[in-house]
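Here's the letter readout for the chains.
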Amino acid sequence: MKNNLLVLGTKNLNKSLQEIKEYLDFSLVFFNKDNFTVNNLTNISAILAHNEALNINENLIFINNLIDKPVLLLEGESTYINSNFTEKMNFPLILSEFNIKITNLIISNKFIRNSLIKINDYIMDKNEKKLKKKKLFILLTEREIQLIELLHNEKKPLSKNDILKKVWKYSEGVDTHTVETHIYRLRKKIFHKFQDDNFITNSKNGYLI
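This text gives an overview of the structure that appears in the document.

## Points about the environment of leucine 136
Then comes step 1: Mapped onto the elements, leucine 136 comes out in strand β9 (residues 136–139).
Then comes step 2: Along the backbone, leucine 136 and phenylalanine 194 are 58 residues apart, and their C-alpha atoms lie at a distance of 7.5 Å.
Then comes step 3: Apart from residues lying up to four places away in sequence, leucine 136 is in contact with Leu131, Lys193 and Phe194.

Listed below in structure tokens is the structure:
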């Protein structure tokens, strides 16, 4: 199944793409502000935006609301775009390079999105092994990543035994204080860097993010 590329282009660009669409590795969806809604974005994998089209203010506003979509910008500067992942390309477009550029953009964005987890005001980057908040970050161990991801995904308090079972698998050498020790060290790191002592909370029902 082909990926869908949303095109915000000039009339000339749209016409040129129509002429070569059968040679592309993805399907084209041409943006029309009169009949395009948020529901149309479900199956969009990436955006191709021409700099001239972004001179139209409503188009720029539209694209800057799509920070989770990767953008290939033609003949322009990425400073206009708020997307988390943006590439640039200039004319003339070489078909083989254009196909590769879009395909790599989509693959790279999927990899990045799968490695990033938003947790309240924080971003956990599993690839870089970091917990970030604005310009600050701490480095995380693999076990700390597993622990944070588990508590975040569960959305309910987890007991010490539940955490031992799901993170440590009751491995040999794991004692009864393993969970408390790891959470204590993680809380200490977070408080030292972010001055936040409520990232992981606990009650009689267990631990929770």
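Here the narrative resumes.
## Description of the pattern of salt bridges
Then comes step 1: Enumeration over the complete set of coordinates arrives at 9 salt bridges.
Then comes step 2: With its nearest N and O atoms 3.8 Å apart, the salt bridge here joins lysine 101 to glutamate 87. One end of the pair, lysine 101, is in helix α4 (residues 95–115); the other, glutamate 87, is in strand β5 (residues 86–89), with 14 residues separating them in the sequence.
Then comes step 3: Note on lysine 101: relative accessible area 27%, which makes it partly exposed.
Then comes step 4: One salt bridge connects lysine 132 with aspartate 125, and the closest N-O pair in it is separated by 3.5 Å.
Then comes step 5: The class for lysine 132 is partly exposed, based on a relative accessible area of 25%.
Then comes step 6: Since its relative accessible area comes to 6%, aspartate 125 is described here as buried.
Then comes step 7: What emerges from the salt-bridge pattern is a single network uniting Asp125, Glu128, Lys130 and Lys132.

## A few points about the layout of surface pockets
Then comes step 1: One number sums up the size of the second largest pocket: a volume of about 180 Å³.
Then comes step 2: Around the second largest pocket, the lining residues are Val7, Leu8, Gly9, Thr10, Asn14, Phe31, Asn32, Lys33, Ala53, Ile56, Glu58 and Asn59.
Then comes step 3: For the lining of the second largest pocket, the secondary structure elements donating two or more residues are β1 (3–8) and α3 (57–63).
Then comes step 4: Its residues assigned to classes, the lining of the second largest pocket comprises 5 nonpolar, 5 polar and 2 charged.

## Observations regarding the sheet that holds β9
Then comes step 1: Read across the open sheet, the 4 strands follow the order β6-β7-β8-β9; overall the sheet is antiparallel. Edge positions in the sheet fall to β6 (116–119) and β9, since each has one partner strand and no second. The sheet shows a mean angle of 20° between the axes of neighbouring strands, taken without regard to direction.
Then comes step 2: Sheet analysis places β6 next to strand β7 (residues 122–125), joined by 4 bridges and oriented antiparallel. Paired with isoleucine 119 across the bridge in β7 is tyrosine 122.
Then comes step 3: Against the sheet, α4 engages β6 and β7, with an angle of about 40° to β6.
Then comes step 4: The strands touched by helix α5 (residues 142–154) are β6, β7 and β9; relative to β6, the strand with the most contacts, the crossing angle is about 55°.

## What about helix α1 (residues 11–20)?
Then comes step 1: Among the residues of α1, those classed as buried are Leu13, Asn14 and Leu17. Buried residues of α1, seen end-on, are gathered within an arc of 100° and therefore sit on one face of the element. Facing away from the buried side of α1 by more than 90 degrees, the exposed set consists of Lys11, Asn12, Lys15 and Glu19.
Then comes step 2: In this structure, the buried side of α1 is in contact with β1, β2 (26–30), β3 (44–50), β4 (71–74) and α4.

## Here's the deal with the packing of helix α6 (residues 160–168) against helix α7 (residues 178–194)
Then comes step 1: It is at 9 Å that the axes of α6 and α7 come closest, and there the two elements cross at 85°. By the angle class used here, α6 and α7 are roughly perpendicular. Contact with α6, carried on its side by Lys160, Ile163, Leu164 and Trp168, involves Thr178, Val179, Glu180, His182 and Ile183 of α7 and no other residues of that element.

Cut-off values and rules
Residues numbered from 1 in each chain as written. Predicted model: local features only at pLDDT ≥ 70, side-chain atom pairs only at ≥ 80, totals over all residues. Heavy atoms only, no water. Helix = DSSP H or I, 4+ residues; strand = E, 2+ residues; numbered from the N terminus. Contact = heavy atoms within 4.5 Å. Salt bridge = Lys/Arg side-chain N within 4 Å of Asp/Glu carboxyl O. Buried < 20%, exposed > 50% of the residue type's maximum accessible area, 1.4 Å probe, protein only. 1 Å grid on protein atoms, 1.4 Å probe; cavity = no way out; pocket = protein on both sides within 12 Å on 5 of 7 lines; lining within 4 Å. Points joined across faces, edges and corners; volume = space filled by probe spheres on them. Nonpolar A, V, L, I, M, F, W, Y, C, P; charged D, E, K, R; others polar. Pairing = 2+ DSSP bridges. Axes fitted to C-alpha atoms, helices over the stretch in contact; angles between N-to-C directions. Arc of directions from axis to C-beta. Parallel < 35°, antiparallel > 145°, perpendicular 65-115°, else oblique.

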